[in-house]
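# A closer look at the structure
As a plain string of letters, each chain reads:
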Amino acid sequence: MAGTITKRESSWELLRILAMLAIIFGHFVGQSGFLIWGQPLQTNAARILCHGGRIAVNIFFIMAAWFMVDARITGKRILSFYLQVWTYTALITGYIALRGYPVGLKAAVASVAPFITKAVWFASAYLILLFLAPFLNSILDWKRERQRRLLIVLFAFQCIIPTLLFFMPMDDNWGAILGWVCFIYLLIGHYKKFHSNDYPLNKWLALGLAIGFYALSTGAKLYLSQSLEQSALSPFVHDILALISKFCGRCLDDYKTLPNLVIALLVFYFFRHLNIGNNRIINFIATGAFASYIVHQTPAAIPIIWRFGFQCNQWIKGDNALLYALLVPLAVLFVSIILEWLRKQTIERLYINSSPFKYLAAKIDRLLGD
């Protein structure tokens, strides 16, 4: 399925921006102590919004597959991606160490070898997917019915079983992650090849359904969690409500569950049909989306950026804590746009046309069979 990558209109770039902002917001709420120290009204609102980050993970997987299935994967692309991630993790960790903040051994190893550890795991999953794409594309060259049978089996194992086993501990190891991204790649590739113009659905209805499913799940989880605190409940009713609450929470937090996937697909469908044209401002802002993920999730930076960078200890207990939490992702994205522009103008220019870079890129091309 080699070909030219589909042109990314600004609707895709806007989706990238919004999805990354949701991820940053979710990380801030979960990593800063917001849910522990914030006021009840503020924390309840944050609990409703923060689950969007896990749905956004699925959205990124779906978008990656949508564009990758028609793209020619080259050694230059893979190596450039690796060096982009390495530049941020290494320099940010080095800067934190020079400022005198403690950097543990695990964080130090993750800074020089981010793809060996599970640090910035989404980047690692994407890198592995780049290497697997030629193999997965060969499966997408199978006959339609053979692909469909494989997808039914994968759907059962990768999505239905995790959804039904919501009461078990969430499986988030590398095997589960790679199995899921391969399933998403094949699912989206099959859809794009055979069904992309089938089943027309009004894009606003799709968005409304996505918002409705999300609101129902988050509202039910929050309401049931508060109801479980009532001592008047009988043990039987308490156990039933706890089970329903756990199901809602798992479906929001585990991207391998059916409700999470459905919401992500509906949002993706909306933006695929949005067609806002080419907006240079949106496209420029989107250049910092991926960089913002690396910047705020470099292991050594996680405790530093929230506590000292944004002084969250002084804000999360106040009346404006939720507004502050909503502004933090925008600030992270703004800084990352500047850093990414500087990286492209300086560090990337030093190696992109160098002989070692071209040599390694050619080696990867041969490894991929080009």
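These remarks concern the structure in this document. Being a predicted model, the structure only gives us computed values, none of them experimental.

### With respect to helix 12 (residues 258-272)
Over its 15 residues, helix 12 extends 21 Å from the first C-alpha to the last, a length consistent with the 21 Å expected when each residue adds 1.5 Å. Burial runs high along helix 12: eleven of the 15 residues are buried. Buried within helix 12 are the following residues: Asn-260, Leu-261, Ile-263, Ala-264, Leu-266, Val-267, Phe-268, Tyr-269, Phe-270, Phe-271 and Arg-272. Residues of helix 12 that are buried sit in contact with helix 1 (10-31), helix 4 (52-68), helix 8 (144-164), helix 9 (174-195), helix 10 (203-227) and helix 11 (235-253).

### Let's talk about a nonpolar patch on the surface
Residues Val-153, Phe-157, Ile-161, Leu-164, Leu-165, Phe-167, Met-168 and Leu-243 make up a contiguous nonpolar surface patch of about 760 Å² in total accessible area. Relative to the helices and strands, Leu-243 resides in helix 11.

### Points about the packing of helix 8 against helix 9
Closest axis-to-axis distance for the helix 8/helix 9 pair is 10 Å, and the angle between their directions is 145°. Here helix 8 and helix 9 pass one another in a crossing that is left-handed. Where helix 8 approaches helix 9, its residues Arg-144, Gln-147, Arg-148, Leu-150, Leu-151, Leu-154, Phe-155, Gln-158 and Cys-159 are matched on the opposing element by Ala-176, Gly-179, Trp-180, Phe-183, Leu-186, Leu-187, His-190, Lys-193, Phe-194 and His-195. Residues of the contact of helix 8 with helix 9, tallied by class, amount to eleven nonpolar, five polar and three charged.

About the criteria used
Residues numbered from 1 in each chain as written. Predicted model: local features only at pLDDT ≥ 70, side-chain atom pairs only at ≥ 80, totals over all residues. Heavy atoms only, no water. Helix = DSSP H or I, 4+ residues; strand = E, 2+ residues; numbered from the N terminus. Expected span 1.5 Å × (residues − 1). Buried < 20%, exposed > 50% of the residue type's maximum accessible area, 1.4 Å probe, protein only. Contact = heavy atoms within 4.5 Å. Patch = residues over 30% accessible without salt bridge, like charges linked within 9 Å, V, L, I, M, F, W, Y side chains within 5 Å. Areas by Shrake-Rupley, 256 points an atom, 1.4 Å probe, with all protein chains shown as cover. Salt bridge = Lys/Arg side-chain N within 4 Å of Asp/Glu carboxyl O. Axes fitted to C-alpha atoms, helices over the stretch in contact; angles between N-to-C directions. Left-handed = near helix turned anticlockwise from the far one by under 90°. Nonpolar A, V, L, I, M, F, W, Y, C, P; charged D, E, K, R; others polar.

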